[in-house]
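Here's the letter readout for the chains.
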Amino acid sequence: MRIGVLCSGGDAPGMNACLRAVVRSAVCAGHQVVGVYRGYQGLLDEDFFVGADGQATMNARSVSDLSKLGGTILRSSRSEAFRAPHGQARAAAILRKHAIDALIPIGGDGTFRGAADLIKHWSGLIVGCPGTIDNDLVGTDYTIGFATAVQTGVEALDKLRDTAESHERMFLVEVMGRHSGYIALYTALAGGAEIACLPETPTDVAQIIGQLHALKERGKKSIMIVIAEGDEHGGAAVLERDLVAAGSPFSMRVVTLGHLQRGGSPAPADRILATTLGDFAVRSILQGRTGVMAGQIGGQLVLTPFEETFGKHKPVPAGLVALLESMAT
Ligand code: F6P
């Protein structure tokens, strides 16, 4: 069998570890792996991996030492051309032309929307791996890259707390997550923040002001508020404006972590998840499975139809939202 592999959408730490697992599991089972550069756009451009040895397939050596590398050696993109049905039909024709029997896309919700569309034009097998820092996919407890993004957020919070204490200030730290509060909630909880503003919960400026006064009266010298970029009230800049206007008892500074959270060497948890799911995706393809994402729920490996992975909002754990509130009081 010839198995194609690509990374698509926002890159995530651990994509390389996943690629390594895909290549090694497939090669070990006697199959070929075709690396596609730049996601679905690279597929449309027929931009395929060619090794230093001139070979057009990936082997165990092509992925040596990859687990520790951030980003993706296959590079990634968000392809406009692939979103249109004629783009998907053209991608299917290219897959047939190169005798590719199966595809493993590593990415997030946009990647799996694309995979679900591609299946309508192509009879090959597609099993995806969840590679996104957002942890917003149904069908897996955690996505590849989430643990590292949270670790980066927590390291930033720890450093900001030092300067916040020195200056008796408040920091508004904006983290990634367009539609999901997972990164914000986990970063806030692990980093000891007082408040998290999430897309899933209402952000009430008057209530935050009340909380800040209460914290100040109890002797708090510094405050950390973690804000998801997709918070329904707006990002950190909007919150800063409104807190100043409402009479915040703390002076404040805004820090936007943004793409910083997408980079860096993957945390061990991401490397292990990536390796587990990359191997599982290959084994699932060899069993003839298609139209599904490989995931892990409660320690069990599971396959979830693409449409379900992005069809519903994955709720943040209500227990952790409550825990954060009780820790801050
Ligand atoms: O989906 C991953 C993600 O990092 C989101 O958290 C963020 O909103 C988005 O990608 C940013 O995308 P881009 O790199 O295209 O600006």
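Up top you'll find the structure we're talking about.
Rules behind the numbers
Residues numbered from 1 in each chain as written. Predicted model: local features only at pLDDT ≥ 70, side-chain atom pairs only at ≥ 80, totals over all residues. Heavy atoms only, no water. Near = heavy atom within 4 Å. Polar contact = N/O pair within 3.5 Å; in protein donor to acceptor, adjacent residues only side chain to side chain. Areas by Shrake-Rupley, 256 points an atom, 1.4 Å probe, with all protein chains shown as cover. Nonpolar A, V, L, I, M, F, W, Y, C, P; charged D, E, K, R; others polar. Domains from an automatic or database assignment. Helix = DSSP H or I, 4+ residues; strand = E, 2+ residues; numbered from the N terminus. Contact = heavy atoms within 4.5 Å. Pairing = 2+ DSSP bridges. Axes fitted to C-alpha atoms, helices over the stretch in contact; angles between N-to-C directions. Salt bridge = Lys/Arg side-chain N within 4 Å of Asp/Glu carboxyl O. Buried < 20%, exposed > 50% of the residue type's maximum accessible area, 1.4 Å probe, protein only.

K.L.:
Outline the site of the ligand, listing residues and values.
P.N.:
Contacts to the ligand come from Arg78, Ile133, Asp134, Met176, Gly177, Arg178, Glu229, His259 and Arg262. For the ligand, an oxygen atom lies 3.4 Å from a polar atom in the backbone of Gly177. Measuring from an oxygen atom of the ligand, one finds a side-chain N or O atom of His259 at 2.9 Å. Isolated, the ligand exposes 400 Å² of accessible area, and the fraction of that covered by the protein chains is 78%. In the shell around the ligand, the residues fall into two nonpolar, two polar and five charged. Looking at which domains feed residues into the shell around the ligand, each of domain 1 (2–145 + 266–311) and domain 2 (146–263) gives three or more.

K.L.:
Can you explain the environment of Pro199? Please cite residues and give values.
P.N.:
Looking at the element boundaries, Pro199 is found in the loop between β6 (195–197) and α8 (205–217). Each C-alpha atom, one on Pro199 and one on Arg178, is 8.3 Å from the other, the two residues being 21 residues apart in sequence. Beyond its immediate chain neighbours, meaning those up to four positions away, Pro199 contacts His179, Ser180, Gly181, Ala228, Gly230, Asp231 and Glu232.

K.L.:
An account of the sheet that holds strand β9 (residues 292–297) is needed here, citing residue identities and associated values.
P.N.:
Pairing is mixed in the open sheet, where six strands are placed in the order β2-β1-β3-β4-β9-β10. Only two strands of the sheet have a single partner each, and these edge strands are β2 (32–35) and β10 (300–305). Averaged over all adjacent pairs, the angle separating strand axes in this sheet is 30°, with direction ignored. Inspection of the sheet shows β9 paired to β10 by six bridges, in the antiparallel sense. Within the sheet, the bridge partner assigned to Val292 lies in β10 and is Pro305. Each of β3 (102–107), β4 (125–130) and β9 is contacted by helix α5 (residues 109–118), which is oriented at about 160° to β3, the strand it contacts most.

K.L.:
If you had to explain the pattern of salt bridges to someone new, which residues and values would you point to?
P.N.:
This model, assessed by the stated rule, comprises 11 salt bridges. Notably, a salt bridge pairs Arg38 with Asp47, separated by 3.0 Å at the nearest N-O pair. For Arg38, a relative accessible area of 25% puts it in the partly exposed group. A salt bridge links Asp109 to Arg113; the shortest N-O distance between them is 4.0 Å. Taken together, the residues Asp109 and Arg113, both in helix α5 and four residues apart, mark about one turn of the helix.

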